[in-house]
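One-letter residues, chain by chain:
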Amino acid sequence: MSDRPGMLDPLRERSFRFYFLSRSVNLVGTTMAGISLVFAVLEVSDSPTALGTVLAAHSIPMAVFLLAGGVIADRFGRTRVIQACNVLAGLTQLAIAALVISGAAEIWHLVVLTALNGTVASISMPALAGIVPALVPRDQLQPANVLLSLMRSSMTILGPSVAGVLVVAVGPGWALAVDGATYLLAAALLLGARIPPRERIGEQESMLAELREGWQVFTGTRWLWVVVLGFMVLNALEQGAFNTLGPVLAKGSAIGEHGWGLILSAEAAGFLVMGLVLSRVRLQRPLLWGMLGMGLYGLPMVALGTTTETAVVIAAAFVGGMGVEVFSLGWNLAMQENIADDMLSRAYSYDALGSFVAIPVGQLAFGPLAVVFGLQQTILVAGLVYLVVVALVLTSRAVRTLPRAATPGTVGAAPVG
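Residues numbered from 1 in each chain as written. Predicted model: local features only at pLDDT ≥ 70, side-chain atom pairs only at ≥ 80, totals over all residues. Heavy atoms only, no water.

**Q** So what's going on with the nonpolar core? Residues and values would help.
**A** Trp223, Val227, Trp260, Met291, Met294, Trp331 and Met335 are the most contacted members of the largest nonpolar core, which totals 83 residues. Among the elements that take part in this core, helix 8 (residues 222-251) stands out by supplying 14 residues, more than any other. Grouped together as the second largest cluster of nonpolar side chains are 34 residues, Ala127, Leu148, Met151 and Met274 included. (Core = buried A, V, L, I, M, F, W, Y, C linked by side-chain atoms within 4.5 Å. Buried < 20%, exposed > 50% of the residue type's maximum accessible area, 1.4 Å probe, protein only. Helix = DSSP H or I, 4+ residues; strand = E, 2+ residues; numbered from the N terminus.)

**Q** Describe in detail helix 13 (residues 341-356), supporting the description with residues and values.
**A** For helix 13, with 16 residues, the first-to-last C-alpha span of 23 Å sits near the 22 Å given by 1.5 Å per residue. Counting buried residues in helix 13 gives 13 out of 16 residues, a clear majority hidden from the surface. (Expected span 1.5 Å × (residues − 1).)

**Q** Residue-level account of the packing of helix 8 against helix 15 (residues 375-393), with values.
**A** Relative to each other, helix 8 and helix 15 sit at 160 degrees, their axes nearing to 10 Å. Taken as axis vectors, helix 8 and helix 15 run roughly antiparallel relative to one another. Crossing geometry of helix 8 relative to helix 15 is assigned as left-handed. On the side of helix 8, the interface is formed by Val226, Val227, Gly230, Val233, Leu234, Leu237, Glu238, Ala241, Leu245, Gly246, Val248 and Leu249, while helix 15 contributes Leu375, Gln376, Thr378, Ile379, Ala382, Val385, Tyr386, Val389, Val390 and Val393. Classifying every residue of the contact of helix 8 with helix 15 gives 17 nonpolar, 4 polar and 1 charged. (Axes fitted to C-alpha atoms, helices over the stretch in contact; angles between N-to-C directions. Parallel < 35°, antiparallel > 145°, perpendicular 65-115°, else oblique. Left-handed = near helix turned anticlockwise from the far one by under 90°. Contact = heavy atoms within 4.5 Å. Nonpolar A, V, L, I, M, F, W, Y, C, P; charged D, E, K, R; others polar.)

**Q** Give a detailed account of the confidence of the model for the protein, specifying residues and quantitative values.
**A** Across the protein, pLDDT averages 82, with 91% of residues at or above 70. The element-level mean pLDDT for the protein is lowest in strand 2 (residues 414-416), coming to 35, with helix 15 highest at 95. For the stretch residues 1-5, pLDDT sits under 50, and the model shows 12 contacts to residues farther than four places along the chain or on other chains. Across residues 407-417, where pLDDT falls below 50, the model places 26 contacts with residues more than four positions away in sequence or in other chains. (pLDDT = per-residue confidence, 0-100.)

**Q** Would you mind going over the packing of aromatic side chains in detail, with residue names and values included?
**A** For the structure shown, the criterion picks out 10 aromatic pairs. Aromatic side chains phenylalanine 242 and tryptophan 260 sit 5.1 Å apart centroid to centroid with 45 degrees between the ring planes, which places their arrangement in the tilted category. You can see phenylalanine 242 sitting in helix 8 and its partner tryptophan 260 sitting in helix 9 (residues 256-278), a full 18 residues away along the chain. Assigned by exposure class, phenylalanine 242 and tryptophan 260 land together as buried. Here the aromatic residues Trp223, Phe231, Phe327 and Trp331 are joined through ring pairs into a cluster of three or more. (Phe/Tyr/Trp six-rings, centres within 6.5 Å; stacked < 30°, edge-to-face > 60°.)

**Q** Lay out the environment of alanine 188 with the relevant residues and their values.
**A** Relative to the elements of secondary structure, alanine 188 occurs in helix 6 (residues 173-189). The spacing of alanine 188 and glutamine 83 is 105 residues in sequence and 7.6 Å in space, taken between C-alpha atoms.

**Q** Requested: an account of the packing of helix 1 (residues 14-44) against helix 3 (residues 78-102), with residues and values cited.
**A** Relative to each other, helix 1 and helix 3 sit at 30 degrees, their axes nearing to 12 Å. By the angle class used here, helix 1 and helix 3 are roughly parallel. Every pair of crossing elements has a handedness; the one defined by helix 1 and helix 3 is left-handed. Here Tyr19, Ser22, Asn26, Ala33 and Ala40 of helix 1 lie close against helix 3, whose contacting residues are Ile82, Asn86, Gln93 and Val100. Of the residues contributing to the contact of helix 1 with helix 3, the split by class is 5 nonpolar, 4 polar and no charged.

Here is the structure:
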């Protein structure tokens, strides 16, 4: 990627460079924290219902506070909001780590602290999603998104595997402690990213009025609400079947904790490989290719539902990760090129709310479903339904035909689609 003219141009922008460093540091810990928290819960209780409850404690506040996060980001400045949220998230993660390391953690402790962490994440998410167009020129949106994606993928390749080793060797608390520390360092690095405040014309509107404006943009953009409606179901299936039942199946089978870390790392490797591919092409029909890519993400669930051979699930996770990466870039480009900058965080907040609102349902429901129908059978059915939902989203012409917006200066990129 570094050989291609223009692909590293976003790093010449001072604010983007500091933002890139901040996100890199933060993701070092975050990629370890997901698997560490899962096995921290399973160390306290081996019940899939308990695990689903802790995971839902993170996602429920995200659904509740996401809309407020979009308005806060557009009103107070995205860098300021991200910094404050990084500090608060770091403190909550360090508190969880201290309880886990000391052996004093109980499920209710993890529920409360994870809920606080989810609240902070919900407020920061729209700011993170909407900040990139303010950091780079418009013609550098694709390379900027690809750089961020490649960085994220690189971090997540090693993170889950290292976390799996730490869980076995010294317990899950230390990876959670690393995550808490990286949040604080990320907040400090973000001081170097300076974005001029958005000028407001006339009197500042109320939060309710700004939420109404965001809703009008959301409901008036067909491809936006169709994809979000689909992801209400897709995310519930993925979080309930893969992220909640998957670790339980892994712990009780030949896959094991370390094998589960390798599966998540394989998924991240898929992100990285596809990110390198996308650094060399201009993604033309971003949502058509993106949703086709999401269809591949049903494969890891189908694999887990039919076998406990680690190598098979690793291969499926790798392919699924490649598909998710196509969607991630396509979705960011669709949003950043077609939604006005002063509405972007609010549009992302409605996107995130719709996409995540059903996640707690999946996390809470799949544990009891697995008790009744069995772990593998439940995961398999979820994977098959996942593929059907992707196909239904693609029946929308607005999704299939959305083109790239005209952006000057895209040199040397071969068109796709």
